[in-house]
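Residues per chain are reported as follows:
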Amino acid sequence: MSVFNPRILDASIRDVTACLSDTQKADVLLHALHHLPSEGSRVIMENAIQSFLQVPDVPPADVAKALLLRAKSRLAAGYRTSAQQDLLFVLSSDPANQDVEAIIQSEHLRREMLLREPVGPPRFSSEVWREIALHLPKRDLKSLLLVPHALSRIASQLIFREIDLHFTASPGPPRADNKYKDAHGDRDEQAELDAWHYRRSADILTRILVDPVFASHVRSLSVYAIVSDASHILAFKTGMLINSLPKLSNLRSVHCSGNRELINRMLETMCTSNHRLHSLSLNPVNRSGDIDIPPFKHITHFSITAEGGSGTSINDFISQSHNNLRSLVIKNTSWKFPADIISVRHLTILEFEGRFSADSMVFSEILSTGYQLESLTLTGILECAPSATFRLHKTSLPFLTHFAFKIVGVHQHITDRDLVPAILEFLRDRKDLRSFHLIVPSVDHHCVGFDASAWGVLPSLINLRSLWITFPSDLSPSLAGWLIPRSVRALTMEIMAQPVEDVRFINQLCLGVPPLLKFLGMTNFPIRSLINIVDRSFSKLRLVRIDESVWSVIRSDDGSLEIEQWPYRRIKYYTAAWLESLECEEAIQHMI
């Protein structure tokens, strides 16, 4: 019995068409497109018709057939505007085309709309404008709201895909520090801002309740009610929110910072409404009681930031979801790493802030099973000596692009002078590493083997774009600048010992810093005149952070320079949007 190989047919078709002219090939292509299945073939159809129309000397009748095929494909995919443009082109050459008439009747289109002459230059379809708007930062989208154009509607839809609601006034920074200059002045202006947020939240929730189309566009929701409210406003807003949640049919990401009762009510409502959540982030502001998390089946990213508590319900949820989770963030200084319930081998992103106890298997578990990890962030008090584990698994985590290790403190009985050298050998020559953070306490840095030699690994990380590292007292600033990889765009240094002269320190450092540096952060570094340092030393700098204060660097066309201090609320809630507008996306980890 002869066996037929289907690939022989493919090869025969290729060989035959290779002998034809371009016009004949176009004829074969048009014939084949009539047999193309309508479902799942729009991209193939678009590419094929585009290439067909570029062939010269194609008969007008065949051009009309090709445009009709593309119009049908676009209508099936919901792109009515671009489909009508194809139909109009066919009618312009053949006003009596029966195929166009059939499509107009079946799709309930109006012929007079197709035949209407444009009053200006050719316009893009809404689909094209939407694709353009998808690449704009949020600040530019807000500007488009003022444009009397289809872009205004598109920008509105894109902006409200992500909604943040502030139910209660956020606490400001400690008064004693006085590091922030309040953007709105005295208490009256702060109260006016809070009232504005109350009205805004009510308006958005009302729109969700009465407008199903608006509600269907919402993909991400963040709720902030981080302080107690003695009035009935919070209860009223919570009631509106609970009634609105079932309307958000396409909600995929949720963050909530609030009390335990608010979080539990939100989670219960979303679970009852069968929301297909992919991302869940929780920040309970009170320590009383655990959070009851329903069994969401589609969660791939989970984040919990808390203080105290047993974490039993959190561990139960992580255990139930371990097969689906790809990103996990746990921040609680009282908790140990739950190695027995986390499936590290499934994760691509892992961030843990807590205790690294003597009996903890966190380092062994992560380095031995986290083959798919791309981002690893570890923060906490060290009560163990993990240097041998880093040495043992030197070649593990092959896909790592972000590594952060912040030692908050070292237990008095722990001395692991090989820890930092072992970590540096673990990371040396990793060309895929884009972000590296290494922070050690100044009082315990000798216990973990940190000194100026730690900076010696930096030149081997040739594609690094984000660096946050402790600056040791035995390192020369003039040498440090040249050790930083030329690819770095965001740099933060934890200064271990304050320099005697800030200007001299910066002048020595800037001789070798990367030329395209856009973000510079320093802690434990008092500066007397920030604008003079920036003006003299850094030509591309867009953003500066000194301890907890942040300034934008504004350069005018005439060469003058200004600095604008960020208000507290911008730092706390809107950092990501502002970094995007300043083209400083690499600094997002430096602002947390």
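Residues numbered from 1 in each chain as written. Predicted model: local features only at pLDDT ≥ 70, side-chain atom pairs only at ≥ 80, totals over all residues. Heavy atoms only, no water.

**Topic: the overall build of the chain**
Working step 1: What the chain contains, in helices and strands, is 23 helices and 16 strands.
Working step 2: When the 592 residues of the chain are sorted by exposure, 46% land in the buried category.
Working step 3: Here the contacts in the chain between residues at least 6 apart in sequence split such that 65% fall between residues at least 24 apart.
Working step 4: Carbon and sulfur atoms form 53% of the exposed surface of the chain, whose accessible area is close to 30800 Å².
Working step 5: The positive charge centre, built from 62 side chains, and the negative charge centre, built from 65, are 1 Å apart in the chain. (Helix = DSSP H or I, 4+ residues; strand = E, 2+ residues; numbered from the N terminus. Buried < 20%, exposed > 50% of the residue type's maximum accessible area, 1.4 Å probe, protein only. Contact = heavy atoms within 4.5 Å. Areas by Shrake-Rupley, 256 points an atom, 1.4 Å probe, with all protein chains shown as cover. Lys, Arg positive; Asp, Glu negative; His and termini not counted. Charge placed at Lys NZ, Arg CZ, Asp CG, Glu CD.)

**Here's the deal with unusual backbone geometry**
Working step 1: Even without being glycine, Asn524 reaches a positive phi, approximately 55 degrees.
Working step 2: The residue Asn524 is located in the loop between β13 (519–523) and α21 (530–537) in this model.
Working step 3: Residue Asn524 is classed as partly exposed on the basis of its relative accessible area, which comes to 31%.
Working step 4: Notably, Asp547 is not glycine yet its phi reads approximately 55 degrees, a positive angle.
Working step 5: Its location among the elements puts Asp547 in the loop between β14 (543–546) and β15 (549–555).
Working step 6: Owing to a relative accessible area of 26%, Asp547 belongs among the partly exposed residues under this scheme.

**Examining the nonpolar core**
If you look at soluble globular proteins, the nonpolar side chains tend to sit buried side by side.
Working step 1: Core analysis: the biggest nonpolar cluster contains 119 residues, and Phe302, Phe403, Phe436 and Trp455 have the highest contact counts within it.
Working step 2: A per-element tally of this core places helix α18 (residues 419–427) first, with seven residues.
Working step 3: Not counting the four nearest positions on each side in its chain, Trp455 is found in contact with Phe450, Ile469, Thr470, Phe471, Pro472, Leu475, Ala480, Leu483, Ile484 and Met493.
Working step 4: Membership of the second largest hydrophobic core comes to 13 residues, among which are Ala64, Ala71, Leu87 and Val100. (Core = buried A, V, L, I, M, F, W, Y, C linked by side-chain atoms within 4.5 Å.)

**Thoughts on the packing of aromatic side chains**
Working step 1: Taken as a whole, this structure holds 18 aromatic pairs when the rule is applied.
Working step 2: Between Phe302 and Phe317, the ring centres sit 5.0 Å apart and the planes meet at 55 degrees, which makes this aromatic pair tilted. One end of the pair, Phe302, is in strand β5 (residues 301–305); the other, Phe317, is in helix α15 (residues 312–321), with 15 residues separating them in the sequence.
Working step 3: The exposure class assigned to Phe317 is buried, which follows from its relative accessible area of 1%.
Working step 4: Over the face of the ring belonging to Phe426 we find Arg430, whose NZ or CZ atom lies 4.4 Å from the ring centre.
Working step 5: Sitting above the plane of the Trp578 ring, Arg570 keeps its charged end 3.6 Å from the centroid. (Phe/Tyr/Trp six-rings, centres within 6.5 Å; stacked < 30°, edge-to-face > 60°. Lys NZ or Arg CZ within 6 Å of the ring centre and 35° of its normal.)

**Quick notes on helix α13 (residues 233–244)**
Working step 1: The terminal C-alpha atoms of α13 lie 16 Å apart, and with 12 residues this matches the ideal 16 Å at 1.5 Å per residue to within 8%.
Working step 2: For α13, every residue scored as buried is listed here: Leu234, Lys237, Thr238, Met240, Leu241, Ile242 and Ser244. (Expected span 1.5 Å × (residues − 1).)

**Considerations on helix α6 (residues 98–106)**
Working step 1: Buried within α6 are the following residues: Val100, Ile103 and Ile104. Within α6, the buried residues cover an arc of 100 degrees as seen down the axis, which keeps them to one side. The exposed residues of α6 that point more than 90 degrees off its buried face are Gln98 and Gln105.
Working step 2: Among the residues of α6, the N-terminal cap falls to Asn97, whose side-chain oxygen and the backbone nitrogen of Asp99 are separated by 2.9 Å.
Working step 3: Positive backbone phi, at 60 degrees, marks His108, one or two positions downstream of α6. (Arc of directions from axis to C-beta. Polar contact = N/O pair within 3.5 Å; in protein donor to acceptor, adjacent residues only side chain to side chain.)

**Re the environment of Ile563**
Working step 1: Locating Ile563 in the fold gives a position in strand β16 (residues 561–565).
Working step 2: For Ile563, a relative accessible area of 30% gives the class partly exposed.
Working step 3: In contact with Ile563, not counting residues within four places along its chain, are Leu530, Ile531, Trp551 and Ser552.

**Concerning the pairing of strand β3 (residues 253–258)**
Working step 1: Most of β3 sits inside the fold, with five of its six residues counted as buried.
Working step 2: Sheet topology places strand β2 (residues 220–224) next to β3; five bridges connect them, and they run parallel. Within β3, the residue paired with Val223 across the bridge is Cys256.
Working step 3: When β3 meets strand β4 (residues 279–284), the two strands line up parallel, connected through six bridges. For Gly258, the partnering residue across the bridge sits in β4 and is Pro284.
Working step 4: Traced from β3 through helix α14 (residues 260–272) to β4, the parallel crossover comes out right-handed. (Pairing = 2+ DSSP bridges. Right-handed = clockwise from strand over helix to strand, strands pointing away.)

**Considering the side chain of Lys237**
Working step 1: Position of Lys237 among the secondary structure elements: in helix α13.
Working step 2: When its relative accessible area of 3% is taken as the criterion, Lys237 is described as buried.
Working step 3: When sequence neighbours within four positions are dropped, the list of residues in contact with Lys237 reads Phe167, Tyr198, Ser201, Ala202 and Leu205.

**A short note on the pattern of salt bridges**
Working step 1: Within the structure shown, the criterion is met by 16 salt bridges.
Working step 2: The salt bridge partner of Arg200 is Asp164, with a shortest N-O separation of 3.6 Å. With Arg200 in helix α11 (residues 187–210) and Asp164 in strand β1 (residues 162–166), this pair connects stretches of sequence that are 36 residues apart.
Working step 3: Two residues, Arg428 and Glu425, come together in a salt bridge whose shortest N-O distance is 3.0 Å.
Working step 4: Look at Arg428 and you get partly exposed, because its relative accessible area is 32%. (Salt bridge = Lys/Arg side-chain N within 4 Å of Asp/Glu carboxyl O.)

**Some details on the environment of Trp578**
Working step 1: With respect to the helices, strands and loops of the structure, Trp578 is situated in helix α23 (residues 575–581).
Working step 2: Through-space distance from the C-alpha of Trp578 to that of Pro137 is 8.8 Å; in sequence the pair is 441 residues apart.
Working step 3: Among residues more than four places away in sequence, those in contact with Trp578 are Arg139, Trp566 and Arg570.

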